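A structural walkthrough
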Amino acid sequence: MNVNFEPHSLKEFNIPAYILAPGSEAEKLGDVPSCPVLVFINSKSGGQLGGDLLLTYRSLLNNHQVFDLGGEAPDAVLRRLYLHLETLKLNGDEFAPKIEERLKIIVAGGDGTAGWLLGVVSDLKLSKPPPIATVPLGTGNNLPFAFGWGKKNPGTDRDSVLAFLDQVRKAKEMMIDSWHILMRMKAPTEGSFDPIAPLELPHSLHAFQRVSSSDELNMDGYHTFQGGFWNYFSMGMDAQVSYAFHSERKLHPEKFKNQLVNQSTYAKLGCTQGWFFASLVHPSSRNIAQLAKVKIMKKHGEWQDLTIPPSIRSIVCLNLPSFSGGLNPWGTPNKNKRRDRDLTPPYVDDGLIEVVGFRDAWHGLVLLAPNGHGRRLAQAHRIKFEFHKGAAEHTFMRIDGEPWKQPLPVDDDKVVVEISNLRQVKILATHGCRSRSVHDPSSPTTPHGQDDGERDSDEEESVGEEWRKFGAADTFKIPDEMKVQKARRSEIAESLGPVSVPKENVQVKVNDSSSDKRSRLQRLQRFFSCYKNK
């Protein structure tokens, strides 16, 4: 795709260096960029594509606004940027609040990388969180596909990147639900219940980890883990195949250099592990009903048992209409199903998660047919799995494409995994994407169990702190001394009365040649000095 961008057009995406790098000299600027972006790229994603994409973005934009996730964590970058923005606003900078208002984030990587950025922005709890666009650099790319960014790995040349930037500029904002996982088990006298990642813990699972002994979630005698997801949590046969794929890729990374090879290897593993003939190859102890007792909460505060058919070997808790490379396991229930079973279409911001079951790989192939779907089990605000001592020593679980092997109880204790609706974050979507909002004019009705998308504040308080964060980043807080300084400046400005703002859109500097600006700044400094010495 050829995109004719004039050099000045790229300025719409650029962020001035002095905004990004504290200590840089302030610049004389014209108009504020209409679509300033921060770009985070997982250079190891997509074989060589991640590294190539990093070079292209850096050649087009300010180097300070393009980051390699292998070099610096996104929470550190965003914390530094927003602290500097607060400092600039405090010093009267005219551009900082406008940059903050218009800022967008681009993240390039797999679903795990995209989830990492979403989790960080959610946990920072910024006053004006930036919306996020996702570049599909993984194997499944379910999250980018759900919001219209495609599922094939993109081009890394200049024209392809410019075309993507243009899409970001035109994109619409949507809200997306997030889901928190709390897993707790009694500390075993022998062995370990720690989740076992394929050879090494994926960086994107940094948010799924054991809480520290000082954390309020910690309970004596128990191991407690927390994490979260945006697209899905799954357990059973699909997670087992994913675990085998990731293990193989860790052992032989040279064999996994492009998306097509990855997908064919994935399909081959599904065949060799016997999931097409699950009833013959795998014992019934692997079936979900044998592994766990499942409860759901459709109305807040009311748990109820969920009956899982005995033939179900895989269960998926789905937030987005994109799973396993863009398939939609929930589908769209017809009017009779909506009425008789109290079901709704899969909205991404309705506070409900769709629970779907599969018998075997053949059952999964039904999704390839028009209107195909899995076994619709329930929609709920919360779901809880209780694993007791049984025939199986472990099962496999997966969060947004990242799998692990989960040891199960060997005595009379239990492992509990509880999933709960957390909060929402802004995401960028192309017009006409498959994801739907409950607030879209085209949406049929308000989902059952929802009160026009609003959540009661008392209910929020009763949920508890464990349901309010992913664990991906500490909440961003303005330092107390900056708050005091900001309050004092406000009082001083109020005592000075209204001050005319220069018509020209020029960054104010201490050594500016304009005498009226220098005079105004000196007046502020004198007043502030007197106020501070009171």
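Residues numbered from 1 in each chain as written. Predicted model: local features only at pLDDT ≥ 70, side-chain atom pairs only at ≥ 80, totals over all residues. Heavy atoms only, no water.

**Observations regarding unusual backbone geometry**
A negative phi holds for most residues other than glycine; trans holds for most peptide bonds. Positive phi, normally seen in glycine, also occurs at lysine 125, with a value near 55°. For lysine 125, the location among the structural elements is in the loop between α5 (111-124) and β4 (132-136). (Helix = DSSP H or I, 4+ residues; strand = E, 2+ residues; numbered from the N terminus.)

**A short note on the nonpolar core**
Soluble globular proteins tend to bury their nonpolar side chains together. Within the largest apolar cluster, 67 residues are counted, with the highest numbers of intra-cluster contacts made by Leu38, Tyr57, Ile106 and Phe147. By residue number, the principal contributor to this core is α5, which donates seven residues. If we ignore the near neighbours within four places in the chain, the residues touching isoleucine 106 are Val37, Leu38, Val39, Phe40, Tyr57, Ala133, Val135, Phe164, Leu165 and Val168. Met185, Ile296, Phe385 and Ile399 belong to the second-largest nonpolar core, a separate cluster that totals 34 residues. (Core = buried A, V, L, I, M, F, W, Y, C linked by side-chain atoms within 4.5 Å. Buried < 20%, exposed > 50% of the residue type's maximum accessible area, 1.4 Å probe, protein only. Contact = heavy atoms within 4.5 Å.)

**So, the sheet that holds strand β8 (residues 232-236)**
The pairing of strands in a sheet happens through backbone hydrogen bonds and is either parallel or antiparallel. With antiparallel pairing, the six strands of this open sheet are ordered in space as β13-β12-β11-β8-β15-β16. The open sheet has two edge strands, β13 (375-380) and β16 (402-407), and neither has a second partner. This sheet shows a mean twist of 20° between the axes of neighbouring strands, independent of strand direction. Pairing geometry for β8 and strand β15 (residues 394-399), over three bridges, is antiparallel. Each bridged residue has a counterpart across the sheet, and for serine 234 the counterpart in β15 is arginine 398. (Pairing = 2+ DSSP bridges. Axes fitted to C-alpha atoms, helices over the stretch in contact; angles between N-to-C directions.)

**Notes on the packing of aromatic side chains**
A full pass over the atoms with the stated rule returns six aromatic pairs. Taking the centre distance of 5.4 Å and the plane angle of 20° together, the rings of phenylalanine 40 and phenylalanine 67 count as stacked. Pair noted here: phenylalanine 40 is in strand β1 (residues 37-41) and phenylalanine 67 is in strand β2 (residues 66-68), with a separation of 27 residues, a long-range link. For the pair shown, phenylalanine 40 and phenylalanine 67 are each scored as buried. Taken together, a centroid distance of 6.4 Å and an interplanar angle of 20° make the contact between phenylalanine 385 and phenylalanine 387 stacked. Like phenylalanine 387, phenylalanine 385 is buried. Members of the aromatic cluster, joined through ring pairs, are Phe233, Phe385 and Phe387. (Phe/Tyr/Trp six-rings, centres within 6.5 Å; stacked < 30°, edge-to-face > 60°.)

**Brief notes about the pairing of β4**
Of all five residues making up β4, five are buried, and the element is well covered by its neighbours. Neither face of β4 is left uncovered, since the one carrying Ile132, Thr134 and Pro136 and the one carrying Ala133 and Val135 both have all their residues buried. In terms of strand pairing, strand β3 (residues 104-109) meets β4 through five bridges, oriented parallel. Of the residues in β4, the one forming a bridge with isoleucine 106 is alanine 133. Handedness of the β-α-β unit built from β3, α5 and β4 comes out right-handed. (Right-handed = clockwise from strand over helix to strand, strands pointing away.)

**A word on the packing of helix α2 (residues 49-60) against helix α7 (residues 158-170)**
Their axes nearest at 10 Å, the elements α2 and α7 cross at an angle of 70°. Accordingly, the angle class assigned to the pair α2 and α7 is roughly perpendicular. Across the interface between the two elements, Leu53, Thr56, Tyr57 and Leu60 of α2 pack against Arg158, Val161, Leu162, Phe164 and Leu165 of α7. Here the residues of the contact of α2 with α7 are counted per class, giving seven nonpolar, one polar and one charged. (Parallel < 35°, antiparallel > 145°, perpendicular 65-115°, else oblique. Nonpolar A, V, L, I, M, F, W, Y, C, P; charged D, E, K, R; others polar.)

**Description of the pattern of salt bridges**
Summed over all chains, the structure comprises ten salt bridges. Linking lysine 170 and aspartate 166 is a salt bridge whose minimum nitrogen-to-oxygen distance equals 3.1 Å. Here lysine 170 pairs with aspartate 166, and both are found in helix α7, just four residues apart, close to one helical turn. A cluster of three or more residues bridged by salt bridges with shared partners is formed by Glu86, Lys89 and Glu100. (Salt bridge = Lys/Arg side-chain N within 4 Å of Asp/Glu carboxyl O.)

**Section: the environment of leucine 408**
As for its placement among the helices and strands, leucine 408 is situated in the loop between β16 and β17 (415-429). Classification of leucine 408 as buried rests on a relative accessible area of 3%.

**Quick look at helix α3 (residues 74-90)**
With 17 residues, α3 ought to run about 24 Å at 1.5 Å a step, and its terminal C-alpha atoms sit 24 Å apart, in line with that. Those residues of α3 not exposed but buried are Pro74, Val77, Leu78, Leu81, Tyr82, His84, Leu85, Glu86, Leu88 and Leu90. At the C-terminal side of α3, glycine 92 shows a positive phi close to 85°. (Expected span 1.5 Å × (residues − 1).)

**Some words on the pairing of β16**
Most of β16 is tucked away, with five of its six residues classed as buried. Pairing of β15 with β16 involves six bridges; the strand directions are antiparallel. Bridge pairing in β16 places methionine 397 opposite tryptophan 404. Hairpin connection of β15 to β16: two residues between the antiparallel strands, including aspartate 400 at a positive phi of 45°.

**A few points about the confidence of the model for the protein chain**
Low pLDDT marks regions whose predicted coordinates should not be analysed in detail. The share of residues in the protein chain with pLDDT of 70 or more is 63%, and the mean pLDDT across the chain is 75. The least confident element of the protein chain is helix α14 (residues 457-463), whose mean pLDDT is 36; the most confident is β1, at 97. Contacts from residues 199-207, a stretch scored under 50 in pLDDT, to residues over four places away or in other chains number 20 contacts. Note on residues 527-534: pLDDT is under 50 here. Beyond four places in sequence and across chains, it has eleven contacts. (pLDDT = per-residue confidence, 0-100.)

**Description of the packing of α3 against α5**
Where α3 meets α5, the closest approach of the two axes is 10 Å, and the angle between their N-to-C directions is 40°. The orientation of α3 relative to α5 falls into the category oblique. For the element pair α3 and α5, the recorded crossing hand is right-handed. Along the contact surface, α3 presents Pro74, Asp75, Leu78 and Arg79, while α5 presents Trp116, Leu117, Val120, Val121 and Leu124. (Left-handed = near helix turned anticlockwise from the far one by under 90°.)

**Considerations on the environment of aspartate 349**
Here aspartate 349 is to be found in the loop between α12 (335-341) and β12 (353-358). For the pair aspartate 349 and valine 438, spaced 89 residues apart in sequence, the C-alpha to C-alpha distance is 6.5 Å. When neighbours within four sequence positions are excluded, aspartate 349 is seen to be in contact with Met175, Asp177, Gln424, Arg436, Ser437, Val438 and His439. There is a polar contact of 2.5 Å between the side chain of aspartate 349 and the side chain of serine 437. Of the polar contacts made by the side chain of aspartate 349, one reaches the backbone nitrogen of valine 438; its length is 2.9 Å. (Polar contact = N/O pair within 3.5 Å; in protein donor to acceptor, adjacent residues only side chain to side chain.)

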